[in-house]
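Topology and contacts: notes
Residue-level listing of the chains:
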Amino acid sequence: MREWKLRDTVMVVFMVIVVITMYMQMVQNDRLYERVSDMINVVESGGFATATANSNTSDRDGRWLVPDAEPGGFAVVHYNAQPATLNPITYKDVYGSVILFESGVYTTLLERDPESLDLIGRLAESWEISDDKLQITMAIKPEARWSDGAPVVAEDVAFSFRVMMLSTVDAQRTQTYYVDCEKVEAISDRKVRFTWKKKYFKSLEMSGGLNIIPKHVIDPEGLIDSDPKAFAEKINKWRFEWEGKPQVCNGPYLLEEWNQSANRVVLRRNDDYWGPKPPLQKLVFRFISDDTAALQALKADEFDAMWLTPEQWQNQTDDPAFLERFIKRKYYRVTSGYNYIGWNNRRAPFDDMRVRQAMSYLVPRDLIIEKIFYNLRKPVNGPFAMGSKQSNPEIGQWPFDPAKAAALLSEAGFADTDGDGILDRQGKPLTFSIAIPSGSPAYEQVVTLIQDEMAKVGVKMNIDPYEWSVFTGRLDSRDFDACMLGWGGTVEGDPYQIWHSSSSENKGSNHIGYENAEVDDLIIKAREEFDEDARNAMYHRIHEIIFNEQPYTFLITGPSLMATSKRLRNVNTYKTGVDFKEWWVPVSERRRPG
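Report follows, based on the coordinates. (Residues numbered from 1 in each chain as written. Predicted model: local features only at pLDDT ≥ 70, side-chain atom pairs only at ≥ 80, totals over all residues. Heavy atoms only, no water.)

1. Focus: the overall build of the protein chain
On a plain count of helices and strands, the protein chain comes out with 20 helices and 24 strands. Each of the 594 residues in the protein chain was classed as buried or not, and the buried ones make up 53%. For the protein chain, the proportion of contacts with a sequence separation of at least 24, taken over those separated by at least 6, is 67%. When the accessible surface of the protein chain is summed, it comes to about 26800 Å², and 51% of that surface belongs to carbon and sulfur atoms. (Helix = DSSP H or I, 4+ residues; strand = E, 2+ residues; numbered from the N terminus. Buried < 20%, exposed > 50% of the residue type's maximum accessible area, 1.4 Å probe, protein only. Contact = heavy atoms within 4.5 Å. Areas by Shrake-Rupley, 256 points an atom, 1.4 Å probe, with all protein chains shown as cover.)

2. Some remarks on the pattern of salt bridges
This model, assessed by the stated rule, comprises 37 salt bridges. Measuring nitrogen to oxygen at the nearest pair gives 3.1 Å for the salt bridge that ties lysine 92 to aspartate 476. Of this pair, lysine 92 sits in the loop between strand 1 (74-79) and helix 3 (94-102) while aspartate 476 is found in helix 17 (residues 468-477), placing the two residues 384 residues apart along the sequence. We classify lysine 92 as partly exposed; its relative accessible area is 25%. As a salt-bridge pair, aspartate 318 and lysine 328 come within 2.9 Å of each other at their nearest N and O atoms. Separated by 10 residues along the polypeptide, aspartate 318 in the loop between helix 11 (310-316) and helix 12 (320-325) and lysine 328 in strand 12 (residues 326-331) bring together distant segments of the chain. (Salt bridge = Lys/Arg side-chain N within 4 Å of Asp/Glu carboxyl O.)

3. Quick look at the packing of aromatic side chains
Here a ring pair, both rings aromatic, is described through the centre-centre distance and the interplanar angle of the planes. Summed over all chains, the structure comprises 30 aromatic pairs. A ring pair is formed by tyrosine 79 and phenylalanine 285, whose centres lie 6.0 Å apart and whose planes are at 40 degrees; its orientation type is tilted. Placement of the pair is tyrosine 79 in strand 1 and phenylalanine 285 in strand 10 (residues 282-287), with a sequence separation of 206 residues. For the pair tyrosine 79 and phenylalanine 285, a shared accessibility class is recorded, and that class is buried. Aromatic side chains tryptophan 499 and phenylalanine 554 sit 6.3 Å apart centroid to centroid with 40 degrees between the ring planes, which places their arrangement in the tilted category. (Phe/Tyr/Trp six-rings, centres within 6.5 Å; stacked < 30°, edge-to-face > 60°.)

4. Here's the deal with the sheet that holds strand 5 (residues 135-140)
Within a sheet, each strand pairs with its neighbour through backbone hydrogen bonds, oriented either parallel or antiparallel. What the 4 strands build is an open sheet, ordered 4-5-7-6; its pairing is antiparallel. Looking along the sheet, the strands with just one partner apiece sit at the ends: strand 4 (124-129) and strand 6 (181-186). Strand-to-strand twist in this sheet, taken as the mean axis angle between neighbours without regard to direction, amounts to 15 degrees. Examined bridge by bridge, strand 4 and strand 5 share 5 bridges and lie antiparallel to one another. Counted as the bridge partner of glutamate 128 is threonine 137 from strand 5. Against the sheet, helix 4 (residues 154-165) makes contact with strand 5, strand 6 and strand 7 (191-196), and its axis sits at roughly 150 degrees relative to strand 6, the strand it touches most. (Pairing = 2+ DSSP bridges. Axes fitted to C-alpha atoms, helices over the stretch in contact; angles between N-to-C directions.)

5. Some remarks on the sheet that holds strand 19 (residues 482-487)
If you walk across this open sheet you meet the 5 strands as 18-17-19-13-20, and the pairing is mixed. Every interior strand has two partners, whereas the edge strands, strand 18 (460-466) and strand 20 (552-554), have only one. Averaged over all adjacent pairs, the angle separating strand axes in this sheet is 30 degrees, with direction ignored. The pairing of strand 17 (residues 431-437) with strand 19 spans 2 bridges and is parallel. In the sheet register, alanine 435 faces strand 19, and the bridge partner there is cysteine 483. Strands in contact with helix 13 (residues 353-361) are strand 13 (338-343), strand 17 and strand 20; relative to strand 20, the strand with the most contacts, it is inclined by about 25 degrees. Set on the sheet, helix 17 makes contact with strand 17, strand 18 and strand 19; between it and strand 19 the angle comes to about 105 degrees.

Given below as structure tokens:
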């Protein structure tokens, strides 16, 4: 047996060092692979960064909204149009609302509990209502912070109210709910008081739902006092612009990027958020207006969540390959709202109630529901949610009756005097255009079917599809004959925004220019009535009047139809919809190249 020598010891030590070095290199390569994979994933997913799981687990105060989730990763959600603006004061559509508020970029004093629908505190820790219901005092949580670290204070709330109520600020849709709010004042750093001129049954909800912006960022120089007109112009022109850092907000997500040319908005988790943090590091919204192209993108794993059309739900997403990777969800929201055709009451011939009634008689809603929406929709007959206490139960559905339509048009003075197949009156043919958002086959199918029915009685309807921003611009300028669109609902609606005559001015939501003195009077009286039965009796009368006058042809409502990737966890559906802030993706199922 050979004697063990020093050089043998050196050789063993050398071999051990080599093995350890090789192991460390393997570990380093694995880490490098993960980083390269993430970088490749960035490119494939459209240019937004995704941090690794380790870097996402840091939490400033140890609080997570979903304690058992694995923080990090991202999800991509589809919508069919970009928001007109991401200005929290002047936003004007559901897309802006979803991104700014439902996703958690901005937080209000109160919000609705998603199941009980009760008002609960968010920024507010407590509130008091005076006996006469004209004053509401709220205390702001001491931990509430803006994303730059500054505390959310009562002066921010008072300032936000002043901004929103400036007459030249493009916020008429919101202003309608605060016309009877006399003032909002900071009592102390953390206490704010709303004073209302009149009792309003939604005063607590609207006080708690005021959109709040940071005064120290928006107006440090006090321009709102020195030059209100110039300040209002500044607010109206305020757009989100990427300048290397997100704008200051107070919610769990930061608005990191709005790339309009790439049809993408990126939210990044606010790791300094003062409350429980959402698991996802990034929440991405991508916009594809064409329904067919959007579904193809979903099937190619470019989206994690998408709302489906009835056609897609029924015929294009039931194959085993799709169901292996996605979950289909059908759910009802209290805010589902309704679709409608709006007739521009300012323009002939729709300034004549008989013509509007005739148009409604030419809409075969039952056929539309069956052939286009696969019986996944149901008809509506007025401005209040069907079956709600506000809706008048004595009112039936407006029928499809071409004979009645023809008789009404004849009564209104229309006849085919030149034999060209189109009705005319005083030498003018009964021809008009209907504006619709582009990219929706369902909308196009609905108006095409209606177009055919109208042609049978001598009415010529042209179909004009517009890109979303152009479409909403035409509504704001009142430059349309008729339009097809939808309204979202609320837990308990106030018809002032859409149906009061004052809302037809200054780009308000009454874009069709509907005016009825009795409806105006009832809307105002109902606002001040706290007895629910008495208030609903007024709404029943409003429903009756609007149904008779048909300023809208009320179309359909129905459930939300959604597909989500099986990678997504904790996708819950509530009475108010889904909550992106609860979603998460396991580390093992996060997107990797290949």
